[in-house]
Structure formats: C-alpha cells, structure tokens
Amino acid sequence: MKRYLYFCIVVLLTACTGRTIYSHYEPLPLSGWHADSAMRYDFVITDTLQAYDLVINLRHTERYPNQNFWVFAALYRDSLLLSKDTLDYYLADQRGRWLGNGFGDRRDMPMLYKRQYLFEHAGAYHLSLQHGMRDTLLVGVSDIGFTIEKSK
C-alpha cells in the first residue's frame, strides 16, 4: 500500500510540472478589485529558444456583474516595457451561461494572452495586470493569476 501511495504521489508531481514553468494567483479583497490596483507577477526566463503560451487566469463568482472582462496587461524585462495590451475576454455566452471551468458560484477562466511567445533575452521579467472595466471597484473577482507554459 505504501509503495502504491508513493508511486501515485510521484506520478502526480511529475504530471503537474510538465509544461508549466510559472503559475501564481493573487487573491483580491472581498470588497472588490480597485481600478488603481495593479497585480504584479515576477518570473525568470532561462530558455530563449522555447516558445511559451502566456495565460491570464481569472477566478470569479456569480457576483461578477458582466459578460466580459477588460484587462490592461504590461510585460516588462527589468524596467523596460516590452508590450502593453488592452484585452477583452468573454466570461459568459449570449444567454448568460458562464464559460470556463467550475461549478456552483465559482468559475475559473483561463484566457490566452500570448501564444507561442519567444522571449528574446534570459533574465527577470514581470507582468502587470489592471482591470479595465468601467467600475472603479470590480466585484465578483476572487483571484487573478498568470501562468507560463511551454508551447506544444
């Protein structure tokens, strides 16, 4: 039994580390995400020959009042701005049914930011995310995350 449990743990740990090289979520206050509050994700890139998929991850509840989600994303190498993007993602279909994963009133929505992105230099980078919704205080978002995966 112990040997089987050990095998399962090793398989799970190996499977989880396959393509993902960075993943971090920032929890947001229950009162809401203020428009002036930027989330920062610091990461290091060592392989510049590998293409990466950059994914923004949104966790929200039924309290989220909108069908879509606007976000301002700024990617930096050290203090050098590499790209600044305004992105619009749909979180619900035209009938109001939530997209993404989850059940009940909690949903996880992965949103592709950049596909097969090549970092030109090895080193320290960071991504800054701010919501771009009309509401100064955005309710219904519990966490905002960022993941970097090796492209297939």
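See the structure above.
In what follows, the accompanying structure is described. Please read all numbers here as calculations on a predicted model, not as lab measurements. By convention here, each chain's residues receive numbers from 1 onward along its written sequence. Note on the predicted model: pLDDT of at least 70 is required for a residue's local features to be given, and 80 or more for side-chain atom pairs to be given and counted; whole-chain, interface and lining totals, by contrast, use all residues. The basis for the side-chain values is all heavy atoms of the structure; hydrogens and waters are excluded.

Side note on the side chain of N57
Note the cut-off: Strands here are runs of E lasting at least two residues and helices are runs of H or I lasting at least four, both read from the DSSP assignment and numbered beginning at the N terminus. The definition of a polar contact used here is a pair of N or O atoms within 3.5 Å, where within protein one atom must be able to donate a hydrogen and the other to accept one, and adjacent residues in sequence count solely through side-chain atom pairs. Any pair of residues with heavy atoms lying within 4.5 Å of one another is described as a contacting pair.
Structurally, the position occupied by N57 is in strand β4 (residues 52-61). A distance of 2.7 Å separates polar atoms of two side chains, one belonging to N57 and the other to T147. Ignoring anything within four residues of it in the chain, the contact list for N57 reads Y25, M109, P110, D143, I144, G145, F146 and T147.

A look at the sheet that holds strand β7 (residues 101-103)
Selection rule: For two strands to pair, DSSP has to find at least two bridges joining them. Orientation is described by axes fitted as lines to C-alpha atoms, over the contacting stretch for helices, and by angles from 0 to 180 degrees between their N-to-C directions.
Spatially, 5 strands are ordered β1-β11-β4-β8-β7 in an open sheet, and the strand pairing comes out antiparallel. The sheet is open, and its two edges are formed by β1 (20-27) and β7, each paired on a single side. Looking at each pair of strands side by side, their axes are set apart by 10 degrees on average, direction ignored. In the sheet, β4 pairs with strand β11 (residues 141-150) via 9 bridges, with the strands oriented antiparallel. Opposite I56, over in β11, you have F146 as the bridge partner.

Overview of the sheet that holds strand β9 (residues 123-131)
Pairing is antiparallel across the open sheet formed by 4 strands, whose spatial order is β3-β9-β5-β6. Unpaired on one side and paired on the other, β3 (39-45) and β6 (80-90) mark the two borders of the sheet. Averaged over all neighbouring strand pairs, the angle between strand axes comes to 20 degrees, with direction disregarded. Pairing geometry for strand β5 (residues 68-77) and β6, over 10 bridges, is antiparallel. Its bridge partner lying in β6, W70 is registered against D88.

Re the packing of aromatic side chains
Short version of the rule: Aromatic rings from Phe, Tyr and Trp, taking only the six-membered ring of Trp, are treated as a pair when their centres fall within 6.5 Å; an angle between ring planes under 30 degrees marks them as stacked, one over 60 as edge-to-face, and anything in between as tilted. Only protein chains enter the area calculation, which uses a 1.4 Å probe; residues under 20% of their type maximum are buried, those over 50% are exposed, and those in between are partly exposed.
According to the stated counting rule, one finds 11 aromatic pairs in the structure shown. Seen from their ring centres, Y41 and F146 are 6.0 Å apart, and the 50 degrees between their planes marks the pair as tilted. Note that Y41 is positioned in strand β3 and F146 in strand β11, a separation of 105 residues in sequence. Of the two residues examined, Y41 and F146, each falls in the buried class.

Some remarks on the pattern of salt bridges
In plain terms, the rule: Every case where a carboxyl oxygen of Asp or Glu lies within 4 Å of a side-chain nitrogen of Lys or Arg is listed as a salt bridge.
Tallied over the entire structure, the rule returns 6 salt bridges. Here E149 ties to R19 by a salt bridge, and the two come within 3.2 Å at their closest N and O atoms. In this pair, E149 sits in strand β11 while R19 sits in the loop between α1 (2-16) and β1, placing the two residues 130 residues apart along the sequence. Here R40 ties to D42 by a salt bridge, and the two come within 2.8 Å at their closest N and O atoms. We classify R40 as partly exposed; its relative accessible area is 48%. Each of the salt bridges in this network shares a partner with another, and the network as a whole consists of R19, D53 and E149.

Quick word on the nonpolar core
Across soluble globular proteins, nonpolar side chains show a tendency to be buried alongside one another. Applied cut-off: Nonpolar cores were defined as sets of buried Ala, Val, Leu, Ile, Met, Phe, Trp, Tyr and Cys residues, with membership established by side-chain atoms within 4.5 Å.
Formed by 34 residues in total, the largest nonpolar core has its most connected members in F43, I56, F69, Y113, L127, I144 and F146. Broken down by secondary-structure element, the contributors of at least two residues to this core are β3, β4, β5, β6, β8 (106-117), β9 and β11. Residues in contact with F43, not counting those within four places in the same chain, are Y22, L75, F119, G123, A124, Y125, H126, L127, F146 and I148.

Some remarks on the environment of R115
Topologically, R115 is positioned in strand β8. Taking relative accessible area as the criterion, R115 reaches 60% and is therefore assigned exposed. Along the sequence, R115 and K150 sit 35 residues apart, while their C-alpha atoms lie 9.9 Å from each other. Ignoring anything within four residues of it in the chain, the contact list for R115 reads Y52 and D53.

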